[in-house]
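An overview of the molecular structure
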Amino acid sequence: MIVSSKILLKKAQERKYAVGAFNTSDLEITKGIVLAGEEMKSPIILQTSEGEIKHGGMEVFFDTLKSFAEEASVPININLDHGKSFEMCKWAIDTGYNSVMIDGSKLELAKNIELTKSVVDYAHSKDVVVEGEIGLVPTPKKGEDVEILKTNPKEAERFVKETGVDFLAVGIGNVHGTYKGEPKLDFGLLQEIKRVVSIPLVLHGGSGISGEDIKKAVSLGICKINVNTELREAFTKTLRESLKDEDVVKPYDVMEPVEEAIEKVVKNKIAIFGSANKI
Ligand SMILES: [Zn+2]
């Protein structure tokens, strides 16, 4: 069933667990995610980045996601991940997404506030909720050193107040993609942000962070965790294996192990996030 993440994350905040937000760009990934949610009796956020929805086929793929969400036995919210412009967010809102993320984190604060507020105003008029980001969560190339711009609590407070955003993605040492070495989350900073911001907080780059650190972040106020890289890795690794048997020619026989691999990753994440049996 479709349930807004406004409700899903409020419950998560009260009961101190996080809802996993899993990216999808095709049928098998979607099936794996939804099945995992149903088996674990966990709420789920299905999300697509701009690139993923373009690959899937825009409205056609959204309709597929919507059908899965409506039929599912667990609450599902469909989210636009990393909308880069007002126009893209407007497209998603008009198409039927339950929530959108507007990512103005590369802009200077005043411009980020202006862009985010314009999306919030439009989204709220259509009953859609909005995630904003402040403090850049970088996307380094494999093995590359990268400067991490962490969220400034004072700026976060101002950003939330002036934009009216519903959820806030924070930079506390997390990165997108693969971490070089051990990820070091700044829990002190997370506590400082939590003190001045009362809306649910979001952690991007959830792949590769240890279960222990995830649990600590959740206990300190993270309510939504984005997972993409581990799903992509499970997909491509399993597909390579699956294709080795040249006698297997039916596409659905090739893809079945892929779907199972996705399901396994998602179930593991749900167990760590603490969202099992929370429907
Ligand atoms: Zn992200």
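Since the structure is predicted, the reported quantities are computational estimates derived from the model, not experimental observations. (Residues numbered from 1 in each chain as written. Predicted model: local features only at pLDDT ≥ 70, side-chain atom pairs only at ≥ 80, totals over all residues. Heavy atoms only, no water.)

It is worth spelling out the nonpolar core at this point. Grouped together as the largest cluster of nonpolar side chains are 75 residues, with contacts concentrated most on Ile-33, Leu-168 and Val-266. Here this core gets nine residues from one element, more than from any other, and that element is helix H11 (residues 251-273). In this view, Leu-168 contacts Gly-132, Glu-133, Ile-134, Ala-156, Phe-159, Val-160, Val-197, Ile-199, Pro-200, Leu-201 and Val-202; residues no more than four positions away in its chain are not counted. If you look at the next biggest cluster of nonpolar residues, it comprises 14 residues, including Val-3, Leu-8, Ala-12 and Val-202. (Core = buried A, V, L, I, M, F, W, Y, C linked by side-chain atoms within 4.5 Å. Buried < 20%, exposed > 50% of the residue type's maximum accessible area, 1.4 Å probe, protein only. Helix = DSSP H or I, 4+ residues; strand = E, 2+ residues; numbered from the N terminus. Contact = heavy atoms within 4.5 Å.)

Only His-82 (NE2), His-176 (NE2) and His-204 (ND1) from the protein reach the zinc ion as donors, at distances of 1.9 to 2.1 Å. Between the donor residues of the zinc ion, the gaps in sequence give the motif H-x93-H-x27-H. Of this pair, His-82 sits in strand E3 (residues 76-83) while His-176 is found in the loop between strand E6 (167-170) and helix H8 (187-196), placing the two residues 94 residues apart along the sequence. Judged by its relative accessible area of 15%, His-176 falls in the buried class. (Donors = N, O, S within 2.8 Å, 3.2 Å for Na, K, Ca; no water.)

The subject of this paragraph is the pattern of salt bridges. Considering all chains together, one arrives at 13 salt bridges under this definition. Put simply, Glu-162 and Arg-158 hold a salt bridge, and the shortest N to O gap is 3.1 Å. Of this pair, Glu-162 and Arg-158 are both found in helix H7 (residues 153-163), four residues apart, which corresponds to roughly one turn of the helix. Note that Lys-269 is salt-bridged to Glu-230, the shortest N-O span being 2.8 Å. Within this pair, whereas Lys-269 is found in helix H11, its partner Glu-230 is found in helix H10 (residues 229-242), the two being separated by 39 residues in sequence. (Salt bridge = Lys/Arg side-chain N within 4 Å of Asp/Glu carboxyl O.)

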